[in-house]
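Reading the structure
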Amino acid sequence: MLEKSDAGRSPCADVREILRQRIRENQEKLDALTELQGRMEAALQVWEDLPDREPQAHSVCHLIETTADD
């Protein structure tokens, strides 16, 4: 950008493209976080009704092995 500006050319098109790319990247991150948030909320909803249990064998918390799909 500075080179273009120093050469008397406008870097504005480059700036817009950089911003477009950042917006796409941010949207992808937001989409992934939204999906993760939904999975976490669904798991918690299921887990709220499950009893606490003592660890067995290699299990630390049985909730971790239980998914919202179960």
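All figures in this text were calculated on a predicted structure; none of them were measured in a lab.

The subject of this paragraph is the overall build of the protein. A count of helices and strands for the protein gives 3 helices and 0 strands. Against the compact-globule benchmark of 11 Å for 70 residues, the protein has a radius of gyration of 24 Å, which places it well outside the compact range. The dimensions of the protein, computed from C-alpha atoms along their principal axes, are 70 × 20 × 15 Å. The burial tally for the protein puts 7% of its 70 residues in the buried class. If you sum the accessible surface of the protein, you get close to 6,400 Å²; carbon and sulfur atoms cover 56% of it.

As a further point, take the side chain of His-62. For His-62, the location among the structural elements is in helix H3 (residues 62-65). Classification of His-62 as buried rests on a relative accessible area of 11%. Side-chain polar atoms of His-62 contact the backbone oxygen of Pro-51, separated by 2.7 Å. Among all residues touching His-62, those that are not within four sequence positions of it are Leu-50, Pro-51, Asp-52 and Arg-53.

Turning our eyes to something else, we now look at the pattern of salt bridges. Under the definition given, this model contains 5 salt bridges. Here Glu-17 makes a salt bridge to Arg-20, at a shortest N to O gap of 3.3 Å. Taken together, the residues span about one helical turn, with Glu-17 and Arg-20 both in helix H2 (residues 12-47) at a distance of 3 residues. On the basis of relative accessibility, which here comes to 37%, the residue Glu-17 falls in the partly exposed class. The partner of Arg-39 in a salt bridge is Glu-35, with the nearest N and O atoms 3.5 Å apart. One end of the pair is Arg-39 and the other is Glu-35, both in helix H2 and 4 residues apart, which spans about a single turn.

Moving on to the environment of His-62. The spatial distance from the C-alpha of His-62 to the C-alpha of Pro-51 is 9.5 Å, given a sequence separation of 11 residues. Engagement of the side chain of His-62 in a polar contact is seen with the side chain of Arg-53, the distance being 3.3 Å.

The share of residues in the protein with pLDDT of 70 or more is 93%, and the mean pLDDT across the chain is 88. Model confidence for the protein, summarised as mean pLDDT per element, is weakest for H3 at 81 and strongest for H2 at 96.

The rules we used
- Residues numbered from 1 in each chain as written.
- Predicted model: local features only at pLDDT ≥ 70, side-chain atom pairs only at ≥ 80, totals over all residues.
- Heavy atoms only, no water.
- Helix = DSSP H or I, 4+ residues; strand = E, 2+ residues; numbered from the N terminus.
- Rg over C-alpha atoms; globule rule 2.2 N^0.38 Å.
- Buried < 20%, exposed > 50% of the residue type's maximum accessible area, 1.4 Å probe, protein only.
- Areas by Shrake-Rupley, 256 points an atom, 1.4 Å probe, with all protein chains shown as cover.
- Polar contact = N/O pair within 3.5 Å; in protein donor to acceptor, adjacent residues only side chain to side chain.
- Contact = heavy atoms within 4.5 Å.
- Salt bridge = Lys/Arg side-chain N within 4 Å of Asp/Glu carboxyl O.
- pLDDT = per-residue confidence, 0-100.

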